[in-house]
Amino acid sequence: MRLSSFSFEAAGVKTQVVVGEGALRGMDARLGRIAPGRWFLISSKKIFNLHGSKLFAGGVESLDPKPLFVPDGEAAKTWSVLGRLLQELVRRGLRRDGGIVALGGGTVGDVAGLAAALALRGVPVVQAPTTLLAASDSALGGKTAVDLPLGKNLAGAFHAPRLVVVDTSTLETLPPRAYRSGLAEVVKTSMLDAAFYRAMARLEAPLAAREPGAVADAVRRSLGVKARAVARDPFERTGERAALNLGHTLGHALETASGHRLEHGEAVAWGLLAALRLSVTRGGLAPGLAEALAACVVRLVSPPRPSTAAVRGVSALLHADKKADRAGLRAILLARPGRAVLVRVETAELLEALEGALGGYN
Ligand SMILES: NC(=O)c1ccc[n+]([C@@H]2O[C@H](COP(=O)([O-])OP(=O)(O)OC[C@H]3O[C@@H](n4cnc5c(N)ncnc54)[C@H](O)[C@@H]3O)[C@@H](O)[C@H]2O)c1
């Protein structure tokens, strides 16, 4: 078992990050160091059946053996699931000297994190992500939320985890499409850090082959880059965290317009390809670099083409945003690997870049 670990502090909260195969073992001591009382596990039945035993291997006294289950996927992120969790946590005896462990993908992490922020006015949360997206991105940074009928993530809080434990062996059961989709966030993050970008030259092939050592290395580097941005801008106020949204303006719109037929990472991959094109004309990125980066996105994620209706839908979504129409949009572009810039762009430019990306890589 080879684990790597680092800590960082943001807004007065220290977060420890542990990454490696078998990282879920020995949780008792880790939980005890954070809070001495009773801990409760939130997961989905599917994920618990796959990986719950790893958490209890070796005996975990402080963690209640009966998990609280949420529905699988986005259905976990509702007001009613959150209310039920809060009621159940208090009924089962959660106290302020205890805490919550979230075992699952980004959806479990988001709703469990919000439950931890609200229960008894806030108890510690430990994030144990099991998807590549959650492991390389969403588990760290303290954003928690549920969805409202009006849209995604509209009710939430910042509640930083005290510990992020990525047991990379849990990622081995991810279906190929979910794994490749998660790689989109990894590639995006590698563009934002010069050292990670250089490392991608040797990491790309083993990542494509799902070699555990490379996956662990990429997760650790991704979380390191995100931790540095979060430490400087914990509440996304100064714009430092905004760079992490590279490719996401179009990505989110495309994900919605496709009726979620495109996975988040696949939509982000198209957003990245468009952002790279626009980075050449508006961000000063060298064309050769843009080509090389785009080719890496395509090789690792191989995003399926969105339907014509979905692409038309993106245009409608961006145009429907009156504010965006008047003032244009603020897009994150890349000047060079490791250097993102915030540029005001017209909606039409974004759409043209997306059309270009779709035309260029099929
Ligand atoms: N808080 C943040 O900063 C942040 C950032 C990005 C995204 N998000 C949120 O994350 C969510 C998406 O997260 P996600 O992509 O992890 O999706 P998810 O949590 O819905 O998981 C996707 C699917 O993978 C399954 N799964 C999870 N782990 C598995 C494993 N090890 N093996 C096999 N199957 C497994 C799940 O059961 C689910 O069916 C969205 O709700 C998004 O809003 C949050």
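Residues numbered from 1 in each chain as written. Predicted model: local features only at pLDDT ≥ 70, side-chain atom pairs only at ≥ 80, totals over all residues.

Asks: Quick one: what's the story with the site of the ligand, residue by residue and with numbers?
Replies: Lining the immediate environment of the ligand, one finds 30 residues, of which Gly105, Gly106, Thr107, Thr131 and Ser138 sit closest. Mapped onto the shell around the ligand, the elements with two or more residues apiece are α2 (45-56), α4 (106-118), α5 (132-138) and β8 (151-158). Residues that form the shell around the ligand fall into these classes: 8 nonpolar, 14 polar and 8 charged. (Near = placed C-beta within 6 Å. Helix = DSSP H or I, 4+ residues; strand = E, 2+ residues; numbered from the N terminus. Nonpolar A, V, L, I, M, F, W, Y, C, P; charged D, E, K, R; others polar.)

Asks: Lay out the packing of helix α7 (residues 194-208) against helix α8 (residues 212-232) in plain terms, naming residues and giving numbers.
Replies: It is the contact of α7 with α8, at a shortest axis distance of 9 Å, that shows an interaxial angle of 150°. As judged from the angle between their axes, α7 and α8 are roughly antiparallel. Relative to α8, the crossing made by α7 is left-handed. Contact residues: α7 offers Phe196, Ala199, Leu203, Pro206 and Leu207, while α8 offers Ala214, Val215, Asp217, Ala218, Arg221 and Val225. For the contact of α7 with α8, the residue count by class is 9 nonpolar, no polar and 2 charged. (Axes fitted to C-alpha atoms, helices over the stretch in contact; angles between N-to-C directions. Parallel < 35°, antiparallel > 145°, perpendicular 65-115°, else oblique. Left-handed = near helix turned anticlockwise from the far one by under 90°. Contact = placed C-beta atoms within 7 Å.)

Asks: An account of the pairing of strand β5 (residues 99-104) is requested, with residue identities and associated values reported.
Replies: Counting buried residues in β5 gives 6 out of 6 residues, a clear majority hidden from the surface. Because side chains alternate across β5, one face comprises the buried residues Gly99, Val101 and Leu103, and the other comprises Ile100, Ala102 and Gly104, equally buried. Both strand β3 (residues 39-43) and β5 contribute to a ladder of 5 bridges, which runs parallel. What sits directly across from phenylalanine 40, in β5, is isoleucine 100. Pairing of β5 with strand β6 (residues 125-129) involves 5 bridges; the strand directions are parallel. Bridge pairing in β6 links valine 101 to valine 126. Read from β5 through α4 to β6, the crossover connection turns out right-handed. (Buried ≥ 20, exposed ≤ 12 C-beta atoms within 10 Å, placed from the backbone. Pairing = 2+ DSSP bridges. Right-handed = clockwise from strand over helix to strand, strands pointing away.)

Asks: Lay out the packing of helix α6 (residues 176-191) against helix α11 (residues 287-301) in plain terms, naming residues and giving numbers.
Replies: Running from N to C, α6 and α11 cross one another at 160°; their axes reach a closest spacing of 9 Å. As judged from the angle between their axes, α6 and α11 are roughly antiparallel. Judged by the sense of rotation from one axis to the other, the crossing of α6 with α11 is right-handed. Two secondary-structure elements touch here, α6 through Arg180, Ser181, Leu183, Ala184, Val187 and Met191 and α11 through Leu293, Cys296, Val297, Leu300 and Val301.

Asks: Could you give an account of the domain arrangement of the protein, with specific residues and numbers?
Replies: Here the protein is partitioned into domain 1 (3-173) and domain 2 (176-360). Taken over C-alpha atoms, the centre of domain 1 sits 26 Å from the centre of domain 2. Taken together, the contacts link 24 residues of domain 1 with 24 residues of domain 2. Counting only elements with at least two residues in the side of domain 1 that touches domain 2, the list comes to β1 (3-10), β2 (13-20), α5 and β9 (163-167). Of the residues belonging to the side of domain 1 that touches domain 2, the class tally is 14 nonpolar, 7 polar and 3 charged. (Domains from an automatic or database assignment.)

Asks: Describe α4, naming the residues involved and giving the relevant values.
Replies: With 13 residues, α4 extends 18 Å between its outermost C-alpha atoms, agreeing within 8% with the 18 Å of an ideal straight helix rising 1.5 Å per residue. The buried fraction of α4 amounts to 12 of the 13 residues, a majority that puts the element mostly inside the structure. Every buried residue of α4 is accounted for by Gly106, Thr107, Val108, Gly109, Asp110, Val111, Ala112, Gly113, Leu114, Ala115, Ala116 and Ala117. Leucine 120 occupies a position one or two residues after α4 and carries a positive phi of about 55°. (Expected span 1.5 Å × (residues − 1).)

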